[in-house]
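Residue strings, one per chain:
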Amino acid sequence: MSKLVIVESPAKAKTIQKYLGKGYDVIASMGHVRDLPENRLSVDVKKHFQPKYTVIKGKEKLVEELEKMADKSEAVFLATDPDREGEAISWHLAYLLKLDPEDQNRVTFNEITKTGVTNGMAHPRGIDIDLVNAQQARRILDRLVGYKLSPFLSQKIRRGLSAGRVQSVAVRLVVDREEEIRAFKPEEYWSIDAKFIPKGSRKQFPAVFYGTEAEKIKLSSKEEADKILEAVKDADFQITKLKKGTRRKSPAPPFITSTLQQEASRKLGFQARRTMKAAQELYEGIDIQGMGATGLITYMRTDSLRLSEDAIRDAREYIGSRWGEKYLPKEARHFKSRANAQDGHEAIRPTMVGLAPDQVKDSLTNDQYKLYKLIWERFLACQMAQCLQSTTQADITGNGYVFKASGYTVTFDGFTVLYVEGRDEAQEDEGALPPLEKDMTVRAKEIVPNQHFTQPPPRYTEASLIKAMEEYGIGRPSTYAATITTITGREYVVRDGKALKPTELGEVTTKLMKERFPKIVNVKFTAQMEEDLDGIEAGKENWVDTLEEFYGDFDKTLQKAKEEMKDVKITLEEDKTDLICEKCGRQMVVKVGRYGKFIACPGYPECKNIKKFVKETGAECPKCGGRVIEKKTKKGRVFYGCDHYPECDFVSWDEPIQEKCPKCGKTLLKKKGKKPKIYCVTEGCGYERVEDQDEN
């Protein structure tokens, strides 16, 4: 008889089977096998929130197969992912397969390598019921909020709306930022930029007006700037202060889930969901040429910065042999995790440091390679020596007014030879200054005033929203990607380039939630709920007590809102159309039904006139002059086609724009990418250009 090992995915099963060999059967559960059914609440709030789980629809045959294999096996090991969700899947499997959850049948792997699998199998344990209860509490909380609130929102605003304990707060962050931007009043300010040339040199260097030696002067108008310009117009300039020093730059820590998602967004343009998909594949194992199925990174859902001593030793050996001893700090570098971080797993790192990205490139998809390279470089860099910079700061004074210049040169590149962390906002890099000495005379080549206006805070990007959610304590590493996918998929938020912008639906829904359910969209309250869930996981909180404390207040608030808003219906501006009902003369509106959007007369049930919903692009078909409309494939991918189909067969994945072709006058299309291209599809025209950044 063989031993049965159950994991979540076929890829993971294949990799682990390779390491365990004969005597083991490794099979995939394909994720969760048992859950709360979708079509009803399935939580008995009167009986201590007892959940009513059922086998997930479509998995009945798989469960039967697992039961047969378990009966025939010498032993069963539950090897699902090492987190709350994985623990819950193992607990559900134990129930279905009639296994004792206290038996030593639960194994976990931080990395899917020979060592990781061997260590995991050597240390089986019972199922961690605290971890399971934390997952159950989260699942039931989310079900209560979604199941109770979603019908209320659908009734008051638009059919098919949903609310979520974490998603509603994420939408609020985006909406609040938009309100800040609208309320922002720009203030004028001026800068004076100069270029100086040292005596006896031809090399110029930039400097910025500061004020006097006694104080900094803020310039608020052209008149104030002109006064300074007049005062220094014919001044003799001299370097009155010169400070030279050394700046040490330390590398960023290794990746955790949130920072991996942020950096992949900044550097690779990946959405969080895309990042996590590639990371999951790298963790579970990939067929590497000459090696077979191999897990390339450690577990990718973690908020711990801990690194194993073996991994640090391997990294230092690799750095020393490839770049030399001078690239190694004297002591290994360790990083401190945030106060509320779960320390069950290491940071995200390559499982085999010696396996450089270029060595496995041919075995990986483009996404897998880019992400592996990012993880590999970040991990190695975190154990490399600091970057040393020689800095110079100079005060240039003329007629009592001071200009400041600063610059640096790299004296030792250190970790930057391999990796530099990305930034959310562009920053001007300082250059090197020419050789300068105190009391040196310099000549002003130009002194130019520049008008500026203060800028509103930027809209969130996916990277900065994930960072904010992490800082506020909203959700957990495993939920960030799913939350952003949900709020964009349900059209509360849309993407505008990299920026996230709330729709009218998102703003109206948030306004209603703030007024009627302030706790649900309160950042601090949501963060406290996350801490309570962590308390359950640590065995410090009772999961039923936590639910009871939340639900009592929530239910009262919901009943009050239903009573006070029983006759209220909110109509969105975006749901109004320019179409007039030809049967009764009313202005038709967009409605949402079981099969999506349609246009209907608001006079229902007296008038039952409906029309097909078409999303206009405002562009003319380049073939026949008809309307180009937005369409979707069965899988939800957007494409564009002529509304005269099938008479006209124009179709494109690329979005039409309002601008006409300067050569032939037909509609232009835009191909997205790092360098978006504007082009004409009309046969024989050939017009195209790369889109300028200013056009975005």
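Residues numbered from 1 in each chain as written. Predicted model: local features only at pLDDT ≥ 70, side-chain atom pairs only at ≥ 80, totals over all residues. Heavy atoms only, no water.

## Structural notes on the domain arrangement of the protein chain
- Examined at the domain level, the protein chain breaks down into domain 1 (3-127), domain 2 (137-183 + 458-565), domain 3 (188-250 + 387-453), domain 4 (257-383), domain 5 (573-612) and domain 6 (615-690).
- Measuring from the centre of the C-alpha atoms in domain 3 to the corresponding centre in domain 6 gives 49 Å. (Domains from an automatic or database assignment.)

## Examining the UniProt feature "active site" (unreviewed entry) in the protein chain
- The positions that UniProt labels "active site" (unreviewed entry) are, in the present scheme, Y299.
- Along the polypeptide, Y299 turns up in the loop between β12 (292-294) and α10 (309-323).
- Residue Y299 is classed as buried on the basis of its relative accessible area, which comes to 0%.
- When residues no more than four places from it in sequence are discounted, the contact partners of Y299 are D81, P82, D83, N110, Y283, H345 and I348.
- A distance of 3.4 Å separates a polar atom in the side chain of Y299 from a polar atom in the side chain of D81. (UniProt positions renumbered as here; feature names shortened; annotations may be inferred. Helix = DSSP H or I, 4+ residues; strand = E, 2+ residues; numbered from the N terminus. Buried < 20%, exposed > 50% of the residue type's maximum accessible area, 1.4 Å probe, protein only. Contact = heavy atoms within 4.5 Å. Polar contact = N/O pair within 3.5 Å; in protein donor to acceptor, adjacent residues only side chain to side chain.)

## Some thoughts on the pairing of strand β1 (residues 3-7)
- With respect to burial, β1 is a largely interior element, four of its five residues being buried.
- Pairing of β1 with strand β7 (residues 75-78) involves four bridges; the strand directions are parallel. Considered in β7, the bridge of V5 is made with F77.
- Of the pairings in the sheet, the one linking β1 to strand β2 (residues 24-28) comprises five bridges and is parallel in character. Across the sheet, the residue bridging to V7 is A28, located in β2. (Pairing = 2+ DSSP bridges.)

## Examining α10
- When the terminal C-alpha atoms of α10 are compared, their 21 Å separation across 15 residues agrees well with the 21 Å that a helix rising 1.5 Å per residue should span.
- Of all the positions in α10, only A311, I312, A315, R316, Y318, I319, G320 and W323 are classed as buried.
- Its buried side turned inward, α10 meets α12 (366-381).
- Two residues or fewer past α10, G324 is found with a positive phi of approximately 100 degrees. (Expected span 1.5 Å × (residues − 1).)

## So, the packing of aromatic side chains
- Per the counting criterion, the structure on display carries 17 aromatic pairs.
- Measuring from centroid to centroid gives 5.6 Å for F152 and F517, while their planes differ by 80 degrees, and the two rings are edge-to-face. Here F152 is found in helix α5 (residues 129-156), whereas its partner F517 is found in the loop between α15 (504-516) and α16 (523-537), with 365 residues between them in sequence. Assigned by exposure class, F152 and F517 land together as buried.
- For the ring pair F639 and W653, a centre distance of 5.9 Å and an interplane angle of 70 degrees mean the geometry is edge-to-face. With F639 in strand β24 (residues 638-642) and W653 in the loop between β25 (651-652) and β26 (655-660), the pair connects residues that are 14 residues apart, well separated along the chain.
- Residue F639 is classed as buried on the basis of its relative accessible area, which comes to 18%.
- Linked through ring pairs, F196, F205, F209, F237, Y401 and F403 together constitute an aromatic cluster.
- Sitting over the ring of W653, R637 keeps its end group 3.7 Å from the ring centre. (Phe/Tyr/Trp six-rings, centres within 6.5 Å; stacked < 30°, edge-to-face > 60°. Lys NZ or Arg CZ within 6 Å of the ring centre and 35° of its normal.)

## Observations concerning the sheet that holds strand β29 (residues 688-690)
- Spatial strand order, β26-β27-β28-β29: four strands in an open sheet with antiparallel pairing. Both edges of this open sheet fall to β26 and β29, since each of them pairs with a single strand only. Direction aside, the axes of adjacent strands within the sheet are offset by 30 degrees on average.
- Bridge count for strand β27 (residues 667-671) against strand β28 (residues 677-680) is four bridges, and the pairing is antiparallel. Directly across from K671, in β28, lies its bridge partner K677. (Axes fitted to C-alpha atoms, helices over the stretch in contact; angles between N-to-C directions.)

## Things to note about the nonpolar core
- Of all hydrophobic cores here, the largest spans 125 residues; its most connected members are L149 and L371.
- Sequence-distant contacts of L371, that is, excluding residues within four places in its chain, are made with L260, A264, L268, T275, A278, A279 and L282.
- Counting residues in hydrophobic clusters, the runner-up holds 24 residues, among them W190, I192, A225 and I228. (Core = buried A, V, L, I, M, F, W, Y, C linked by side-chain atoms within 4.5 Å.)

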